[in-house]
Amino acid sequence: QVQLVESGGGLVQAGGSLRLSCAASGLMFNSYNMGWFRQAPGKEREFVAGISLSGRTTRYADSVKGRFTISRDNAKNTVNLQMNSLTPEDTAVYYCAAAQRVLSVSSRHNDYDYWGQGTQVTVSS
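Scoring rules and cut-offs
- Residues numbered from 1 in each chain as written.
- Predicted model: local features only at pLDDT ≥ 70, side-chain atom pairs only at ≥ 80, totals over all residues.
- Heavy atoms only, no water.
- Phe/Tyr/Trp six-rings, centres within 6.5 Å; stacked < 30°, edge-to-face > 60°.
- Lys NZ or Arg CZ within 6 Å of the ring centre and 35° of its normal.
- Salt bridge = Lys/Arg side-chain N within 4 Å of Asp/Glu carboxyl O.
- Buried < 20%, exposed > 50% of the residue type's maximum accessible area, 1.4 Å probe, protein only.
- Helix = DSSP H or I, 4+ residues; strand = E, 2+ residues; numbered from the N terminus.
- Pairing = 2+ DSSP bridges.

A. Looking closely at the packing of aromatic side chains. Under the definition given, this model contains five aromatic pairs. Here the aromatic residues Phe37, Phe47, Tyr112 and Trp115 are joined through ring pairs into a cluster of three or more. The positively charged end of Arg45 is found above the aromatic ring belonging to Trp115, 4.8 Å away from the centroid. Seen from the ring of Phe29, Arg72 lies directly overhead, with NZ or CZ sitting 4.4 Å from the centre.

Okay, here's the thing in C-alpha cells:
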C-alpha cells in the first residue's frame, strides 16, 4: 500500500521559513518523479515544485521561484520543500505527490498517481 505522509506545516509570520517533508512508503521511490502542490480555500490545486527521479532536474511555479527549494533523498524515501520568504499568499494545504507515468517533471496534477493527505501552511501578515 502506497503512503505519502507530509509533515512540517504550521503557522509562520510573513518573511519566515518552513520546511515540509514527505515520507514515502510502499513504492519504489527512485522510480517516481515527485511533486508538491497546494490548494488554498476556494481555489484550484496548483503546482508548486517538482523533482526528477535522480534529483538532477527541478521545476518551480513562477510564484515560488527563488524562494522555495525542492530536494529528495532516495536513500530515505523522502522529498522536502524548503520555503523561505513566505507571504500570506502562500497560505494553503500543501500536498506531496508521486508520478511514475511521465518521463519528466510534470506540473499537471493529473499526471500524478499517488497523493498525501496534505499539511496546512498558514502565513500571517
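B. Structural detail: the pattern of salt bridges. A full pass over the atoms with the stated rule returns six salt bridges. A salt bridge links Arg38 to Glu46; the shortest N-O distance between them is 2.6 Å. According to the relative accessible area criterion, Glu46 is partly exposed, its value standing at 35%. Residues Arg108 and Asp111 are paired through a salt bridge, measuring 3.1 Å at the closest nitrogen-oxygen approach.

C. Broad picture of the pairing of strand S8 (residues 78–83). Most of S8 is tucked away, with five of its six residues classed as buried. Of the strand pairs in this sheet, strand S3 (residues 18–25) and S8 are connected by six bridges, and their pairing is antiparallel. Within S8, the residue paired with Leu18 across the bridge is Met83. With six bridges connecting them, strand S7 (residues 68–73) and S8 associate as antiparallel partners. Its bridge partner being in S8, Phe68 is matched across the sheet by Met83. Count of turn residues in the S7/S8 antiparallel hairpin: four residues, of which Asn77 carries a positive phi of about 55°.

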